[in-house]
Amino acid sequence: MCANLSVSLLAIATVTASSALARDNVQIAGSSTVLPYASIVAEAFGENFDYPTPVVESGGSSAGLKRFCNGVGENTIDIANASRAMREREVAVCVANGVSDIIEVRFGYDGIVIASQLDGPAFIAFKPSDWFNALGATVLIDGALVENPYHSWSEVNPNLPAVEIAAFIPGTKHGTREVFEEKVLLQGCEDTGALKAMIDSGMSEDAAEHACLSVRTDGKSVDIDGDYTETLARVDSNPNGVGVFGLAFYENNTDTLKVATMSGVAPSTETIAVGEYPVSRPLFFYIKKAHIGVIPGLKEFAEFFVADEIAGPDGPLAEYGLVSDPDLADTQALIANEQVMDINM
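### Remarks on the nonpolar core
- Ranked by internal contacts, the top residues of the largest apolar core, which has 50 residues, are F126, W131, L135, W153 and F245.
- Top element by residues in this core is helix α7 (residues 175-192). It accounts for six residues.
- Those residues in contact with L135 that sit more than four places away from it in its chain are N148, I165, A167, I169, F180, L185, S214, V215, R216 and S221.
- I28, I103, L283 and I335 belong to the second-largest nonpolar core, a separate cluster that totals 32 residues.

Following this line, the structure appears as structure tokens:
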């Protein structure tokens, strides 16, 4: 029985490897934030190497990682783009499906910005507390936790415009949402005292933090499940609309959008690189090591992506808005050595 099992496993491995050879292009999916960077690299790769241009799709970080973790083989993607690190439960799904050797690549940083119509109301300066009080399902007023009663931004903060709250934020499947929740909503919940009040009321810390991230459902806050172009369309159609965007997207739409400061700091590649701008995050892509040497050009594409001339401070990704990773040389060595994540499951 053991011999038959060994033969069967060998046959499966042979079929998998053979079928993988039927596909000669790298396939990538995931974060809408990483999409333009990956597309720039894919196009340049196709022009400069004797490999087909990689196919890059969007769909969001969570969706891309879900596809990535479906298994190993020609019918699964090779790379998942993500605007956040993989979660433990995603790693567990990967391992359960045979994707146990994963190379995590951090290739740079991006900032999340708050922007509105160029000629719209004067949304020029925000604090995390403004956003929590505007969007939180439960807020702290005069020492009491109450259902959010605010209708206009000026009710939240008299220094903000006296217009109806109309916020367009990333949907829950986007990596951008997680960073927005942590850096803006949770921080605002803490700054206003609402987090402490929740804990003092008897909630556990985890339950209180979860409550801080619950947004109102009365239409003042709208989840955007598409990419930033959909958020831009919503802001374009609503003069009072305020949207959450990636820095690079904003910088490519300054003809229609104006950006606000957060906690007194304007978003820029400089303020993000030195850690001054509070709402920033690293960007990643994940490589399925089992596909290296099977899918033509996979490792070469990854090495090209993080090369100095591409992802460095003077490369085309920086021109588009990427903040170059100061530790890029370490990332280059990681890919060259095919160093996988340390997974203890």
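### Brief notes about helix α16 (residues 328-336)
- Of the positions making up α16, those classed as buried are L328, T331, L334 and I335. Down the axis of α16, the sector holding all buried residues measures 115°, keeping them to one side. When the buried face of α16 is taken as reference, the exposed residues oriented beyond 90 degrees from it are A329 and D330.
- E338 sits one or two positions beyond α16 and adopts a positive phi of about 55°.

### A short note on the side chain of N25
- Within the fold, N25 resides in the loop between α1 (2-20) and β1 (27-30).
- Leave out the neighbours within four places in its chain, and N25 touches P52, T53, V55, D78 and I295.

### Quick notes on the confidence of the model for the chain
- Mean pLDDT for the chain: 91, with 93% of residues reaching 70 or above.
- Contacts from residues 1-21, a stretch scored under 50 in pLDDT, to residues over four places away or in other chains number eight contacts.

### Overview of the state of the cysteines
- Evaluation of the coordinates by the stated rule reveals two disulfides.
- Disulfide pairing is shown between C69 and C94; the S-S distance is 1.9 Å. Taking the sign of the torsion about the S-S bond as the criterion, the disulfide between C69 and C94, at about -75°, is left-handed. Of this pair, C69 sits in the loop between α3 (61-68) and β3 (79-82) while C94 sits in helix α4 (residues 88-96), and the two are 25 residues apart along the sequence.
- Taking relative accessible area as the criterion, C69 reaches 2% and is therefore assigned buried.

### Here we look at the packing of helix α2 (residues 35-48) against helix α13 (residues 298-305)
- For the pair α2 and α13, the least separation of the axes is 10 Å and the interaxial angle reads 120°. Crossing handedness for the pair α2 and α13: right-handed. Facing Y37, A38, V41, A42, A44 and F45 of α2, the residues of α13 in contact are E300, F301, F304 and F305.
- Residues of the contact of α2 with α13, tallied by class, amount to nine nonpolar, no polar and one charged.

### Some thoughts on unusual backbone geometry
- With a phi close to 50°, D142 is a non-glycine residue in the positive phi region.
- Secondary-structure assignment places D142 in the loop between β6 (138-141) and β7 (144-147).
- Given a relative accessible area of 80%, D142 falls into the exposed group.
- Of note in this structure, S263 is not a glycine but carries a positive phi near 55°.

### Description of the pattern of salt bridges
- Using the criterion set out here, one finds 12 salt bridges in the structure.
- For R23, the salt bridge is made with D78, and the minimal N-O distance between the two is 2.7 Å. Of this pair, R23 sits in the loop between α1 and β1 while D78 sits in the loop between α3 and β3, and the two are 55 residues apart along the sequence. Exposure class is identical for R23 and D78. Each is buried.
- A salt bridge links E90 to R84; its shortest N-O distance comes to 2.7 Å. Both residues of the pair, E90 and R84, count as buried.
- In the salt-bridge network here, residues are joined through shared partners; they are R106, D325 and D327.

### Overview of the packing of aromatic side chains
- Within the structure shown, the criterion is met by 20 aromatic pairs.
- Ring geometry for F45 and F304: centres 6.0 Å apart, planes at 50°, overall tilted. Residue F45 is found in helix α2, and its partner F304 is found in helix α13; the two are separated by 259 residues along the sequence.
- In this structure F45 comes out as buried when scored by relative accessible area, which is 1%.
- Through successive ring pairs, a cluster of aromatic residues spans Y37, F45, F49, Y51, F107, F285, F301, F304 and F305.

Procedures and definitions
Residues numbered from 1 in each chain as written. Predicted model: local features only at pLDDT ≥ 70, side-chain atom pairs only at ≥ 80, totals over all residues. Heavy atoms only, no water. Core = buried A, V, L, I, M, F, W, Y, C linked by side-chain atoms within 4.5 Å. Buried < 20%, exposed > 50% of the residue type's maximum accessible area, 1.4 Å probe, protein only. Helix = DSSP H or I, 4+ residues; strand = E, 2+ residues; numbered from the N terminus. Contact = heavy atoms within 4.5 Å. Arc of directions from axis to C-beta. pLDDT = per-residue confidence, 0-100. Disulfide = S-S within 2.5 Å. Axes fitted to C-alpha atoms, helices over the stretch in contact; angles between N-to-C directions. Left-handed = near helix turned anticlockwise from the far one by under 90°. Nonpolar A, V, L, I, M, F, W, Y, C, P; charged D, E, K, R; others polar. Salt bridge = Lys/Arg side-chain N within 4 Å of Asp/Glu carboxyl O. Phe/Tyr/Trp six-rings, centres within 6.5 Å; stacked < 30°, edge-to-face > 60°.

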